[in-house]
Amino acid sequence: MNVVWLSSRYLGGDLSSTTQIQLANGLVAKGHTVDFYSPGIAEGNDFTHHRIERSAIRGLQSSSVAKNLQSRVDEFNSADVVLIDWPIFSIAEKIQAPVILIDRSPPADKGILAKLQWRFWSKAWMKAIRGATVSSAHRRFVAQETQTPKASIGVIPAGVDLELFRPKQKSGVLKLVYHGRVDVNRGVMSLPMILAGLQLQGVEASLHIHGNGDAINRLKNIDMDGLEVTEAVSQSDVATLLSGYDIGLLPMPENKVWNLASPLKRSEYLASGLVVCGIDHGGHQLKDSGEWLQLFSQKEFITSTVDWIKSLDRQSLATLQKGARKYAEENLSWSHSVDVLESIILS
């Protein structure tokens, strides 16, 4: 099939575009052709990327992409199916080919911008005939909020490249990690307190934080032994770093957005042979997870994480880490996600 994907996300700019790149490449590997239209630069992929200009002004970025796509509608009408990210779904009414709404995350901003985004999000889903979300909780939320039939909503969770993200022998000081967006609203300021708690309990540990966001400078200004904070690194560098770490952290709090998520970092942690500690809500939970995934209430996240890590020795930790990798191999490869997307397209 000839698939066109229209997106407002800046492709190739950071790790947040990984999902779309992997899904598009996966469709090509299964024999489909994919033309991807978005801002950014995506090189070395199997699909064809068409660069679309985007405004630098926050709040106008999606609308500018939608406007620039309108002049190319004739290119989309020759497709067998068109995938459209929800922020630019308004263009769907101009496209004659069948369309599918892609919702990788509901609006995550706050304030006036968020109110505008939620209006566009609701309008997109109410106009969509078929769509895709990232989790079962996300699908239930869409159905409840927009009266979209569940049967018309697919679930495409974030996968992981099992060849890129692989464990290696782990030893020495316990190494904790968080990578991704380093924003205050993601709970990242709680992470140094976990390190401090472990050190007070006599546990030799270090904490490594990699990413960009509004909390990065605040974290860098914390003077604490064992705390390493860096800007975002490339995906290949993330994979190399994770392979030597022990415990991945998911501090994102319980709220309307994070409860619906399928965080890519969780899959990358597990594929790299890390056990995971996080806050207990729907976005962090995994079906049939083992002891390698420890989720605690938001109120007790710091103390419970410290207590659980303190209870581990290297031998028991190694056993759990092998279980994490095994689960990733059996459940989290990108091939599973691509299969789901393909079934939605073919239907």
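Conventions adopted
- Residues numbered from 1 in each chain as written.
- Predicted model: local features only at pLDDT ≥ 70, side-chain atom pairs only at ≥ 80, totals over all residues.
- Heavy atoms only, no water.
- Helix = DSSP H or I, 4+ residues; strand = E, 2+ residues; numbered from the N terminus.
- Buried < 20%, exposed > 50% of the residue type's maximum accessible area, 1.4 Å probe, protein only.
- Contact = heavy atoms within 4.5 Å.
- Areas by Shrake-Rupley, 256 points an atom, 1.4 Å probe, with all protein chains shown as cover.
- Lys, Arg positive; Asp, Glu negative; His and termini not counted.
- Charge placed at Lys NZ, Arg CZ, Asp CG, Glu CD.
- Core = buried A, V, L, I, M, F, W, Y, C linked by side-chain atoms within 4.5 Å.
- Pairing = 2+ DSSP bridges.
- Axes fitted to C-alpha atoms, helices over the stretch in contact; angles between N-to-C directions.
- Phe/Tyr/Trp six-rings, centres within 6.5 Å; stacked < 30°, edge-to-face > 60°.
- 1 Å grid on protein atoms, 1.4 Å probe; cavity = no way out; pocket = protein on both sides within 12 Å on 5 of 7 lines; lining within 4 Å.
- Points joined across faces, edges and corners; volume = space filled by probe spheres on them.
- Nonpolar A, V, L, I, M, F, W, Y, C, P; charged D, E, K, R; others polar.
- Salt bridge = Lys/Arg side-chain N within 4 Å of Asp/Glu carboxyl O.

Comments concerning the overall build of the chain
- The secondary structure content of the chain amounts to twelve helices and 13 strands.
- Its C-alpha atoms put the chain at 65 × 40 × 35 Å along the principal axes.
- Every one of the 347 residues in the chain was classed for burial, and the buried ones make up 54%.
- In the chain, the proportion of contacts linking residues at least 24 apart, taken out of those at least 6 apart, comes to 63%.
- Here the chain has roughly 15800 Å² of accessible surface; of this, 49% comes from carbon and sulfur atoms.
- Once the 36 positive and 36 negative side-chain charges of the chain are each reduced to a mean point, those two points are 5 Å apart.

Examining the nonpolar core
- Leu176, Leu191, Ile209, Leu270 and Trp292 are the most contacted members of the largest nonpolar core, which has 56 residues in total.
- Sort the elements by how many residues they give to this core and helix H11 (residues 314-331) lands first, with five residues.
- Contact partners of Ile209, with chain neighbours within four places excluded, come to Tyr178, Val182, Leu191, Leu219, Leu227, Glu228, Val229 and Thr230.
- Counting 32 residues, the second-largest nonpolar core is a separate cluster that includes Trp86, Ile91, Val99 and Phe141.

So, the sheet that holds strand S11 (residues 247-250)
- The strand order across the open sheet built from six strands is S10-S9-S8-S11-S12-S13, with neighbouring strands paired in parallel fashion. The outermost strands of the open sheet, each flanked by one partner alone, are strand S10 (227-230) and strand S13 (293-296). Pairs of neighbouring strands in the sheet enclose a mean axial angle of 20°, with direction left out of account.
- Two strands pair when backbone bridges link them, and strand S8 (residues 174-179) and strand S9 (residues 205-210) are joined in this way by six bridges, in the parallel orientation. Residue Val177 lies in a different strand from S9, and its bridge partner there is His208.
- Set on the sheet, helix H6 (residues 191-200) makes contact with S8, S9, S10 and S11; between it and S9 the angle comes to about 170°.

As for the environment of Trp334
- Within the secondary structure, Trp334 sits in helix H12 (residues 334-346).
- Expressed as a C-alpha distance, the spacing of Trp334 and Arg130, which sit 204 residues apart in the sequence, is 22 Å.
- Not counting chain neighbours up to four residues away, the residues in contact with Trp334 comprise Thr18, Thr19, Gln22, Leu23, Pro157, Ala158, Gly159, Val160, Asp161 and Leu264.

Here's the deal with the packing of aromatic side chains
- What the rule picks out here adds up to seven aromatic pairs.
- Between Trp118 and Trp121 the ring centres are 5.1 Å apart and the planes differ by 80°, which places this aromatic pair in the edge-to-face class. Remark: Trp121 and Trp118 occur in helix H4 (residues 112-127); sequence separation between them is three residues, near one turn of the helix.
- Ring geometry for Trp292 against Tyr327: centres 4.8 Å apart, planes inclined by 50°, an arrangement best described as tilted. In this pair, Trp292 sits in the loop between strand S12 (275-279) and S13 while Tyr327 sits in helix H11, placing the two residues 35 residues apart along the sequence. The burial state of Trp292 is the same as that of Tyr327; both residues are buried.
- Taken together, the aromatic side chains of Trp5, Phe36 and Phe47 make up a single cluster linked through ring pairs.

Focus on the layout of surface pockets
- If you add up the space inside the second largest pocket, you get close to 560 Å³.
- As for the second largest pocket, its lining consists of 26 residues, of which Ser136, Pro157, Gln285, Leu286 and Lys287 are closest to the centre.
- Its residues placed into classes, the lining of the second largest pocket shows ten nonpolar, twelve polar and four charged.

Topic: the side chain of Glu268
- Its place among the elements puts Glu268 in helix H9 (residues 264-271).
- Put simply, Glu268 is tucked away with no salt bridge, and the nearest opposite charge, on Lys265, sits 7.5 Å away.
- Excluding residues within four positions of it along the chain, Glu268 makes contact with Val160, Phe165, His179, Gln235 and Leu242.

Points about unusual backbone geometry
- Here Gln147, not a glycine, exhibits a phi torsion of approximately 60°, which is positive.
- Its relative accessible area of 61% is what places Gln147 among the exposed residues.
- You will see that Asp288, though not glycine, has its phi angle at about 60°, which is positive.
- Among the structural elements, Asp288 can be located in the loop between S12 and S13.
- Given the relative accessible area of 65%, Asp288 is considered exposed.

Here's the deal with the pairing of S8
- Summarising burial for S8: five of the six residues are buried, a large majority.
- Note: S8 against S11, two bridges, orientation parallel. Across the sheet, the residue bridging to Val177 is Gly248, located in S11.

Structural notes on the sheet that holds strand S2 (residues 33-38)
- Within the open sheet, the seven strands sit side by side as S3-S2-S1-S4-S5-S6-S7. Their pairing is parallel. With partners counted over all chains shown, the strands left at the sheet margins are strand S3 (48-51) and strand S7 (153-155), one partner each. When the angles between neighbouring strand axes are averaged without regard to direction, this sheet yields 20°.
- In this sheet, S3 lies alongside S2 in parallel orientation, the contact comprising four bridges. Residue Tyr37 lies in a different strand from S3, and its bridge partner there is His50.
- Docked against the sheet, H4 engages strand S5 (99-102), strand S6 (131-133) and S7, running at close to 130° with respect to S6.

Distances and angles like these do not, on their own, reveal function.
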